[in-house]
There are 2 protein chains.
Amino acid sequence: MAGGSGTRFWPRSRARLPKQLLALWDEKTLIEHTVERFKGVAKPDAVWIVTTEALAAPTREKLGAAHGKVRILGEPVGKNTAPCILWGVREISKIAPDAVIAVMPADHFIGDEPAFRGALSAAASRAAKAGSLVTLGIRPNRPETGYGYIEVSAKIGNEPLAVSQFVEKPDLRTAARYLESGRFLWNAGMFIFTAKAGMEAFSRAMPGLVGAFEKGGSIADVYGRIAKADAVSFDYGVMERAASLGIGVDVVPAACGWNDVGSFPALEEIGRASRGEVVSVDSASNIVQTDSGFVALLGVTDLVVVRDGEVTLVAARDRAQDVKALLEKVRARFPGSV
Amino acid sequence: MAGGSGTRFWPRSRARLPKQLLALWDEKTLIEHTVERFKGVAKPDAVWIVTTEALAAPTREKLGAAHGKVRILGEPVGKNTAPCILWGVREISKIAPDAVIAVMPADHFIGDEPAFRGALSAAASRAAKAGSLVTLGIRPNRPETGYGYIEVSAKIGNEPLAVSQFVEKPDLRTAARYLESGRFLWNAGMFIFTAKAGMEAFSRAMPGLVGAFEKGGSIADVYGRIAKADAVSFDYGVMERAASLGIGVDVVPAACGWNDVGSFPALEEIGRASRGEVVSVDSASNIVQTDSGFVALLGVTDLVVVRDGEVTLVAARDRAQDVKALLEKVRARFPGSV
């Protein structure tokens, strides 16, 4: 899934250069990292990217010749993750009806790739054996309020477990309770299931959406039929309702240094906060990124400072997630800079 | 006087582009403003600029053809203001022994030029009539601790007054007392005297410095002779000691919107804090200058943000005067950027 037009890395990210096409912590783009994570796990032409029509060409370009066999689907319009995943699952089912499918966001960080591959392998086995929908659950190490959680009833080890329920982003007190209980995992939005189980789950949980595809015509026709009710997340439309529809839902615990890299401050969590040269005096806890020259800091703390092309952004670190309001103003005055 | 290599406007100012050669609040450089302030008061070739040898050519260039007749003296080395003023006074005395000389810093702001010219005219009359050293004294409007003060014994009106004493930069409590008393003026470093009185004052107050010039040779020879003892300010070496040497010292009160524009925050005092485009949300009391693109602010206050060429500076507003420590570090890593 590589359709995001995330704004939280603006000005590094722009409408035509969303987060997954950026190199945020080394010289590789996030989508390159995501694709390469499957080396030795899936053949190159078994990697499918669903993005928007507008981003299909830039995505192909960023992946380059090294990943020339990767398949790219371009949605006429972004309609949340359920249509995106259904389209991919349908296309894969046509040519590989016995496939095990892993659904992954293209713009996350995985610090421990061997651990990730181990969890993925366990999830694939479980999906193949049980025919269930399997999700990777990240072991929490802090009372994070920015993620959804997955509750299980048994003690968490390395083995797959049945999901009790999915829960929304909690407040801090609830998050602390989740952490303490040892029965909650972070929902990282990574799903593993057989093509058959995936198609069956969509048919039961979202028959209207399946119908929009089955009526045929161009992909633009299909997306034209998708109503508000169908433009929901896969989490909401399928995963959270699966159990009540008699579909097994399992989770494989994973401790693989995962981070969704939701905003500039998250780069510090993965130890890659600064990019470019910085000279500082009496300054601390700043996140600095510059694409040219250097940034000089004097007596400042807890700032995000980003210079990219024509834009210089200075934001309070705890406001970095509120870039939307700023972007509305920027769009009005400098539409080319968003 | 245009020899300053002020660092407090870095990165807008650089070693080869000091403050007086910058345009800080409109399209004109500060030295252009200073020269043009004397239009109709002094003929073009009666304007003398004393700067450093290295800055003579850039100064000439910035002044351009419009001020081609202005005379420029280039000091081999900056030795504070006493040698600078003595050199100028000697040169002027040679060709115009009856001149009244006004000594001015090249990098100050004057908001009310008619008021300035009125005060200058009153000072020139007094200097010609009394043969005294006259200084312009700025009426204080706040308990400023960043300036030296001039004390008078009489009530301050518009008329010239005898100076009681020059006093150093006060602490806040003392500054408040000065303001309340109504008998103190800011010392703006602007002096008016006849060529004759100037030469006489130097001879009595700084005979060693005068000797360094009178021994002749090249100007490099002269400056080579100036010892530490002679490399003092005109304030310290002449003005503050004049009364005790039997030289009259007067002050003309001036309310002419003067500001010495000592650092970026001072630009706000003169109502010209921002330069370039700024988009801001939930941000206040920031001083922003950019030479390209725009600066976006989110949830930040009391910052100085300056983008100039390869440098992006972000400083706490109340640390803007401490740029020296930062520049030492910058000089070590990016010597070409200072």
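Residues numbered from 1 in each chain as written. Chains lettered and ligands numbered in written order. Predicted model: local features only at pLDDT ≥ 70, side-chain atom pairs only at ≥ 80, totals over all residues. Heavy atoms only, no water.

S.K.: Explanation requested: the confidence of the model for chain A in the structure shown.
M.R.: Any segment with low pLDDT has predicted coordinates that should not be analysed in fine detail. For chain A, mean pLDDT is 95; residues scoring 70 or higher make up 100% of the total. The ipTM assigned to the predicted complex is 0.87, against a pTM of 0.88. (pLDDT = per-residue confidence, 0-100.)

S.K.: In this structure, what is going on with the relation of the copies chain B and chain A? I would like to understand it.
M.R.: Both copies of the chain are related by a screw-like operation: a rotation about an axis and a shift along it. Once turned by 179° and shifted 0.0 Å along the axis, chain B lies on chain A with an RMSD of 0.1 Å. Taken together, the rotation and translation relating the two chain copies correspond to the operation of a two-fold axis. The residues that chain B uses at the interface reappear at the interface of chain A in 100% of cases, marking a shared surface. (Least-squares fit on C-alpha atoms with pLDDT ≥ 70 in both. Contact = heavy atoms within 4.5 Å.)

S.K.: I would appreciate a short explanation of the interface of chain B and chain A in the present structure.
M.R.: Often, the extent of an interface is quoted as the loss of accessible area upon association of its parts. Facing the 37 residues of chain B at the interface are 37 residues of chain A. Across the chain B/chain A interface, buried area totals approximately 3200 Å², and carbon plus sulfur atoms make up 63% of it. Across the contact surface, chain B and chain A share 4 salt bridges. There are 24 residue pairs in polar contact (both at pLDDT 80 or more) connecting chain B and chain A. Looking at the side of chain B that touches chain A, its residues break down into 22 nonpolar, 7 polar and 8 charged. (Buried area = accessible area lost by both parts, 1.4 Å probe. Salt bridge = Lys/Arg side-chain N within 4 Å of Asp/Glu carboxyl O. Polar contact = N/O pair within 3.5 Å; in protein donor to acceptor, adjacent residues only side chain to side chain. Nonpolar A, V, L, I, M, F, W, Y, C, P; charged D, E, K, R; others polar.)

S.K.: Looking at this model, I keep getting lost on helix α6 (residues 195-205) of chain A. Mind explaining?
M.R.: Residues lying three or four places apart along an α-helix face the same way, a consequence of the helix completing one turn every 3.6 residues. Residue and element names in this part refer to chain A. Listed as buried for α6 are Ala195, Ala197, Gly198, Ala201, Phe202 and Ala205. Mapping the buried residues of α6 onto a view down its axis gives an arc of 165°, with all of them on the same face. Each element contacted by the buried residues of α6 is listed here: α3 (81-95), β3 (100-103), β5 (133-138), β8 (184-194), α7 (207-214) and α9 (234-242). (Buried < 20%, exposed > 50% of the residue type's maximum accessible area, 1.4 Å probe, protein only. Helix = DSSP H or I, 4+ residues; strand = E, 2+ residues; numbered from the N terminus. Arc of directions from axis to C-beta.)

S.K.: Whenever I open this one, the pairing of strand β9 (residues 249-254) of chain B confuses me. Can you help?
M.R.: It is a general feature of regular strands that their side chains alternate between the two faces of the sheet. Residues and elements named next belong to chain B. Among the 6 residues that make up β9, 6 are buried, leaving the element largely enclosed by the rest of the structure. Burial of β9 is two-sided: the residues Val249, Val251 and Pro253 facing one way and the residues Asp250, Val252 and Ala254 facing the other way are all buried. One ladder, built from 6 bridges, connects strand β5 (residues 133-138) with β9; its direction is parallel. Bridge pairing links Leu136 to Val252 in β9. Pairing of strand β7 (residues 161-167) with β9 involves 2 bridges; the strand directions are antiparallel. Each bridged residue has a counterpart across the sheet, and for Leu161 the counterpart in β9 is Val251. (Pairing = 2+ DSSP bridges.)

S.K.: In this structure, what is going on with the pattern of salt bridges? I would like to understand it.
M.R.: Close approach of charged atoms allows side chains with opposite charge to pair. Summed over all chains, the structure comprises 36 salt bridges over all chains. Residue Arg204(A) pairs with Glu200(A) through a salt bridge whose shortest N-O separation is 2.8 Å. Taken together, the residues Arg204(A) and Glu200(A), both in helix α6 and 4 residues apart, mark about one turn of the helix. Arg204(A) sits in the partly exposed class, given a relative accessible area of 38%. Between Arg333(A) and Glu277(B) there is a salt bridge; the shortest N-O distance is 2.5 Å. Taken together, the residues Arg333(A) in helix α11 (residues 323-333) and Glu277(B) in strand β11 (residues 275-281) connect one chain to another.

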